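Results of the structural survey
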Amino acid sequence: MSQPTPTTGAINRLIQELSKLPGIGPKSAQRIAFYLMRAGDDQAKSLAEAITSMKQQVRLCSVCCNVTDSDPCAICRNGQRDRTRICIVEQPQDVIAIEHTGVYKGLYHVLHGAISPTEGVGAGDIRIKELLNRLQNNAAAEVILATNTNLEGEQTALYLQRLITPLGMKVTRLARGLPFGTELEYADDMTLTRAFEGRQEF
Ligand SMILES: [Zn+2]
């Protein structure tokens, strides 16, 4: 049991909620809670409303499973994108990282995770069924496997390659310029661009 904090129940509750956020330890949670207590009503209200409306408005694109305010998402709706290529990533943040390089003009599919037997995540727990339905209805000229280069990402890429290759589509994997263990969202633009340009048949 942690020491009881000498403060009010309402502040404690906020500190507890903030501590659950990624990258925020108990000290930061305390600092943010007391900052908000001192901040003007407007600021606290605007933060609370931003969180609530994000939860109400954000949904998954029915085509690519990326997060979006409107369905289909802006990338799927964009007539300028190359509809013959689909890049498969683990997380919405990976789409942001790849879009930032400007090297890719095709479409995406967001899996929302990777297969990880050690963490009990199976193929049915991520958006693979949606991907297969999509590919069966709309064949792609190239499917680019851009999962992370760690164990889970590699396992997921291999699993997808075995499913997609028999459908008669070209399957590529990002080049090895990305060091093993790299999470795409943290790769720098140059490395990510090179990995894209050097992608190879998988
Ligand atoms: Zn979409």
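The structure under discussion appears in the preceding block.
The structure presented is a predicted model; accordingly, all values stated were derived computationally and were not measured.

Describing the side chain of Arg173
Tracing the backbone through its elements, the reader meets Arg173 in strand β6 (residues 170-173). Arg173 sits in the buried class, given a relative accessible area of 4%. Among the polar contacts listed, one links the side chain of Arg173 to the backbone oxygen of Thr147, at a separation of 3.0 Å. Apart from the residues lying within four places of it in its own chain, the contact partners of Arg173 are Leu145, Ala146, Thr147, Asn148, Thr149, Gly153, Glu154, Ala157, Arg199, Gln200 and Phe202.

A short note on the coordination of the zinc ion
Cys61 (SG), Cys64 (SG), Cys73 (SG) and Cys76 (SG) make up the full set of protein donors to the zinc ion, lying at 2.3 Å. Between the four donor atoms coordinating the zinc ion, the angles at the centre fall across 105 to 116 degrees, so the site counts as tetrahedral.

A word on the nonpolar core
Note that soluble globular proteins tend to have their nonpolar side chains buried in a common cluster. Ranked by size, the top nonpolar core spans 22 residues in total, and within it Cys87, Val89, Ile98 and Leu174 carry the most contacts. Residues within four places of Cys87 in sequence aside, it is in contact with Ile98, Tyr104, Leu107, Tyr108, His109, Ile144, Ala146 and Phe196. By size, the runner-up hydrophobic cluster in this structure holds 17 residues, among which are Ile86, Ile128, Leu135 and Met169.

What to know about the environment of Arg127
Looking at the secondary structure, you find Arg127 in the loop between β4 (106-110) and α6 (128-137). In this structure the C-alpha to C-alpha distance between Arg127 and His112, which are 15 residues apart in sequence, comes to 6.5 Å. Other than its neighbours up to four places away in sequence, Arg127 contacts Leu60, Cys65, His109, Val110, Leu111 and His112. At 3.3 Å, the side chain of Arg127 forms a polar contact with the side chain of Glu130.

Topic: the pattern of salt bridges
Under the criterion given, the structure shown has seven salt bridges. With a shortest N-O distance of 2.6 Å, Arg85 and Asp82 are connected by a salt bridge. Since its relative accessible area comes to 28%, Arg85 is described here as partly exposed. A relative accessible area of 24% places Asp82 in the partly exposed class. Across the pair Arg127 and Glu130 runs a salt bridge, and its minimum N-O distance is 3.3 Å. Residue Glu130 is classed as partly exposed on the basis of its relative accessible area, which comes to 26%. Taken together, the shared-partner salt bridges in this structure form one network comprising Asp82, Arg85, Glu142 and Arg199.

The rules behind the values
- Residues numbered from 1 in each chain as written.
- Predicted model: local features only at pLDDT ≥ 70, side-chain atom pairs only at ≥ 80, totals over all residues.
- Heavy atoms only, no water.
- Helix = DSSP H or I, 4+ residues; strand = E, 2+ residues; numbered from the N terminus.
- Buried < 20%, exposed > 50% of the residue type's maximum accessible area, 1.4 Å probe, protein only.
- Polar contact = N/O pair within 3.5 Å; in protein donor to acceptor, adjacent residues only side chain to side chain.
- Contact = heavy atoms within 4.5 Å.
- Donors = N, O, S within 2.8 Å, 3.2 Å for Na, K, Ca; no water.
- Tetrahedral: all angles 85-135°; square planar, octahedral: opposite > 155°, others 65-115°.
- Core = buried A, V, L, I, M, F, W, Y, C linked by side-chain atoms within 4.5 Å.
- Salt bridge = Lys/Arg side-chain N within 4 Å of Asp/Glu carboxyl O.

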